[in-house]
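Take a look at the letters that make up each chain.
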Amino acid sequence: MPTQIEVLHNGNIAIPSSEGKVLIYDKNFNLIKAFDMKETKEEQYLQNIQFSKDNMYAFFKYHTQKEQNVIGRVDLYNIKKGKLAKSIDIQSKKD
């Protein structure tokens, strides 16, 4: 199921889904690229997706706090390459 539809700065259209697939279409709705987001586990869920130029940021929140106060993560994807560029853990300072 699509989580949102985003018109990118170059006019292409990005459609990420809650199942972890991202589809990129051109202005005429021809599929030009598809890629999978990093595999997620049952104890986390997709909270938010934001786009910035050629990047997509996906915020995953955990149902419970992990070791070292990790409560979620942000995955940075390069849209042109269709690949995960960086993954950053989000930590909480309190219980």
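From a predicted model like this one, the values you see are computed outputs, not experimental measurements.

Rules used throughout
Counting of residues starts from 1 at the beginning of each chain's written sequence and follows it residue by residue. With the structure being a predicted model, the display of local features is reserved for residues of pLDDT at least 70 and the display and counting of side-chain atom pairs for 80 or more, all residues being used for whole-chain, interface and lining totals. Side-chain metrics rest on all non-hydrogen atoms present in the structure, leaving aside hydrogens and water. Comment: elements are numbered from the N terminus, with helices defined as DSSP H or I runs of at least four residues and strands as E runs of at least two. Pairs of residues are marked as contacts when any of their non-hydrogen atoms sit within 4.5 Å. Whenever a carboxyl oxygen of Asp or Glu lies within 4 Å of a side-chain nitrogen of Lys or Arg, that contact is scored as a salt bridge. Each residue is assigned to one of three classes by its accessible area relative to the maximum for its type, calculated with a 1.4 Å probe on protein chains only: buried under 20%, partly exposed between the two thresholds, exposed over 50%. Pairs of N or O atoms within 3.5 Å make up the polar contacts considered here, provided that, within protein, one atom can donate a hydrogen while the other can accept it, and that residues adjacent in sequence are counted only when both atoms are side-chain atoms. Between any two strands, at least two bridges found by DSSP are needed for them to pair. Every angle, taken between N-to-C directions, lies between 0 and 180 degrees, and every axis is a line fitted to C-alpha atoms, over only the stretch in contact when it is a helix. For the purposes of this section, nonpolar cores are sets of buried Ala, Val, Leu, Ile, Met, Phe, Trp, Tyr and Cys residues that join through side-chain atoms within 4.5 Å.

(A) The environment of I90, seen in detail. Tracing the chain through its elements places I90 in strand 8 (residues 83-91). Separated by 21 residues in sequence, I90 and N69 have C-alpha atoms that sit 8.3 Å apart. Contacts of I90, omitting those with residues within four sequence positions, involve F59, N69, V70, I71, G72, R73 and V74.

(B) Molecular detail of the pattern of salt bridges. Within this structure, the stated rule accounts for 3 salt bridges. Residues D36 and K21 are paired through a salt bridge, measuring 3.2 Å at the closest nitrogen-oxygen approach. One end of the pair, D36, is in strand 4 (residues 31-36); the other, K21, is in strand 3 (residues 21-25), with 15 residues separating them in the sequence. The closest approach of N and O atoms between D75 and R73, which form a salt bridge, is 2.9 Å. Just as D75 is buried, R73 falls in that class too.

(C) Main features of the side chain of D54. Position of D54 among the secondary structure elements: in the loop between strand 5 (44-52) and strand 6 (55-62). A polar contact of 2.8 Å, which involves the side chain of D54, links it to the side chain of H9. Discounting residues that sit within four places of it in the chain, D54 has contacts with H9, Y77, N78, I79 and K80.

(D) Region of the structure containing the sheet that holds strand 6. The sheet built from 4 strands is open, its strands ordered 5-6-7-8 with antiparallel pairing. In this open sheet, the two edge strands, each paired with only one partner strand, are strand 5 and strand 8. If you compare each strand with its neighbour and ignore which way they point, the axes differ by 20 degrees on average. Here strand 6 pairs with strand 7 (residues 70-78) via 7 bridges, running antiparallel. Note on strand 7: the bridge partner recorded for K61 is G72.

(E) Structural context of the nonpolar core. By size, the foremost hydrophobic cluster in this structure holds 13 residues, and its most contacted members are M37, F51 and M56. If one sorts the elements of this core by residue count, strand 6 sits on top with 3 residues. For M56, the residues in contact, after removing those within four places along its chain, are V22, M37, I49, Q50, F51, D75, L76, Y77 and I79.

(F) Just the pairing of strand 8, in detail. Sheet topology places strand 7 next to strand 8; 8 bridges connect them, and they run antiparallel. Paired with V70 across the strands is Q91, a residue of strand 8.

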